Amino acid sequence: MKATITLICTLFFTALMFAEVSTSEKNALINFNKATNGSQWTTKWDFNAEVSTWFGVKIVNDKVVSIDLSNNNLSGTLSQDLSTLKSLQTLVLFKNNITGSIPANLGELKALRILDISFNKLSGTIPAELTSATSLKEIHLFMNDLSGDLPSTIGNLSNLQVLSLYNNSLSGVLPESLYSIKSLKVLALNSNKFTGELSNLVSNLVALESLSLFDNKMNGQVPLNLEKLTNLAEMNISYNSFNGIVSKKLAKKDMLNLTMVDQYGVASTLKVVMDKDKAVASEE
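Residues numbered from 1 in each chain as written. Predicted model: local features only at pLDDT ≥ 70, side-chain atom pairs only at ≥ 80, totals over all residues. Heavy atoms only, no water.

Visitor: An account of the environment of Glu227 is needed here, citing residue identities and associated values.
Guide: Among the structural elements, Glu227 can be located in the loop between strand E13 (217-221) and strand E14 (234-236). Residue Glu227 is classed as partly exposed on the basis of its relative accessible area, which comes to 30%. Once residues within four sequence positions are removed from consideration, Glu227 is found in contact with Ser247, Lys249 and Leu250. (Helix = DSSP H or I, 4+ residues; strand = E, 2+ residues; numbered from the N terminus. Buried < 20%, exposed > 50% of the residue type's maximum accessible area, 1.4 Å probe, protein only. Contact = heavy atoms within 4.5 Å.)

Here is the structure:
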């Protein structure tokens, strides 16, 4: 009798040890695989093997917490089923050939911290619903063909540290809520079609270390409040139509020496006139 009980307990704990993800999560992964043409992936998934052995998938406590399929020849579109993976913290699909739009229901992933779908062929807008994923710390969507405005609710992402959206076709004025993200360290919006001014509220971005806005259509005065960003180590606001007063210290941080483009598309370098720590930038 004791031997039987011991055997049952051993089998029970062995089953627990090798427990797999739920059927719904497994099906979500399979649907994701099919939607991105899994048969053409560089490293494929064996559906007959345990999910824990699938390339790029990390499981903790029987939940999918990470998917990293960088440079793995994914194509097709992103499956709506990804929202089933409620414990997902990292989704990295860097450098593939994914087309279509960003699923709005990714905003339902409350545990998501890193979203990287950069260097693909995504189109459409950045869905406002994405800003409901308030655990996000990094968003990398650069090198796609995204268009439209930044969501006005971007400020809901109060934990965001990196927003990297360069080389897209995004447009419009930067939303005011963007300046409320005090955790933001990297803001890379260069090579888009953003317009309007850089608000004096930029001084609220107290953690900002890198600011890249070059090659847009922004204008107005260079905010004096940029000088208040003591953590700012580098910036590039060139190839816009900014003007105004900057400090000597601030001018040194611009990688392209404050080169601006006028309404006729003619590039010229703003002359910086030194006066102690202050400089007046003026076109001649």
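Visitor: An account of unusual backbone geometry is needed here, citing residue identities and associated values.
Guide: In this structure, Phe119 takes a positive phi of about 60° despite not being glycine. Note on placement: Phe119 falls in the loop between strand E4 (114-116) and strand E5 (123-124). In this structure Phe119 comes out as partly exposed when scored by relative accessible area, which is 35%. Unusually for a residue other than glycine, Asn167 sits at a positive phi of about 55°. Here Asn167 lies in the loop between strand E8 (162-164) and strand E9 (169-173). Looking at Asn167, the relative accessible area reads 33%, which means it is partly exposed.

Visitor: An account of the sheet that holds E8 is requested, with residue identities and associated values reported.
Guide: What the nine strands build is an open sheet, ordered E1-E2-E3-E4-E6-E8-E10-E12-E14; its pairing is mixed. Two strands in the sheet have a free side with no partner beyond their single neighbour: strand E1 (57-60) and E14. With strand direction ignored, the average angle separating the axes of adjacent strands in the sheet is 15°. Here three bridges tie strand E10 (residues 186-188) to strand E12 (residues 210-212), and the two strands are oriented parallel to one another. The residue of E12 that forms the bridge with Leu187 is Leu211. (Pairing = 2+ DSSP bridges. Axes fitted to C-alpha atoms, helices over the stretch in contact; angles between N-to-C directions.)

Visitor: Give a detailed account of the pattern of salt bridges, specifying residues and quantitative values.
Guide: For the structure on display, the rule yields one salt bridge. The salt bridge involving Glu108 is made with Lys86; its shortest N-O contact spans 3.4 Å. Of this pair, Glu108 sits in the loop between strand E3 (90-92) and E4 while Lys86 is found in the loop between strand E2 (63-68) and E3, placing the two residues 22 residues apart along the sequence. (Salt bridge = Lys/Arg side-chain N within 4 Å of Asp/Glu carboxyl O.)

Visitor: Explain the nonpolar core residue by residue, including any values.
Guide: Note on soluble globular proteins: their nonpolar side chains tend to be buried together. Core analysis: the largest hydrophobic core is formed by 69 residues, its most contacted members being Leu198 and Leu211. Of all the secondary-structure elements, those providing two or more residues to this core are helix H2 (23-35), E2, strand E15 (241-247) and helix H3 (248-251). Looking at this core element by element, the count peaks at four residues for H2. Every residue in contact with Leu211, bar those within four places of it in the chain, is listed here: Leu187, Leu198, Leu226, Leu232, Glu234, Met235, Asn236 and Ile237. (Core = buried A, V, L, I, M, F, W, Y, C linked by side-chain atoms within 4.5 Å.)

Visitor: Now, about the packing of aromatic side chains: what can you tell me, with residues and values included?
Guide: Taken as a whole, this structure holds eight aromatic pairs when the rule is applied. Residues Trp45 and Trp54 carry aromatic rings whose centres are separated by 4.9 Å and whose planes lie at 25° to one another, so their mutual orientation is stacked. The buried category is assigned to Trp54, whose relative accessible area is 2%. Ring centres of Phe47 and Trp54 lie 5.4 Å apart, and the angle between their planes is 55°; this geometry places the pair in the tilted category. On the basis of relative accessibility, which here comes to 32%, the residue Phe47 falls in the partly exposed class. Grouped by ring-pair contacts, the aromatic residues Phe32, Trp41, Trp45, Phe47 and Trp54 constitute a single cluster. For the cation-ring pair, Lys95 lies above Phe119, with the distance from its terminal atom to the ring centre recorded as 5.7 Å. (Phe/Tyr/Trp six-rings, centres within 6.5 Å; stacked < 30°, edge-to-face > 60°. Lys NZ or Arg CZ within 6 Å of the ring centre and 35° of its normal.)

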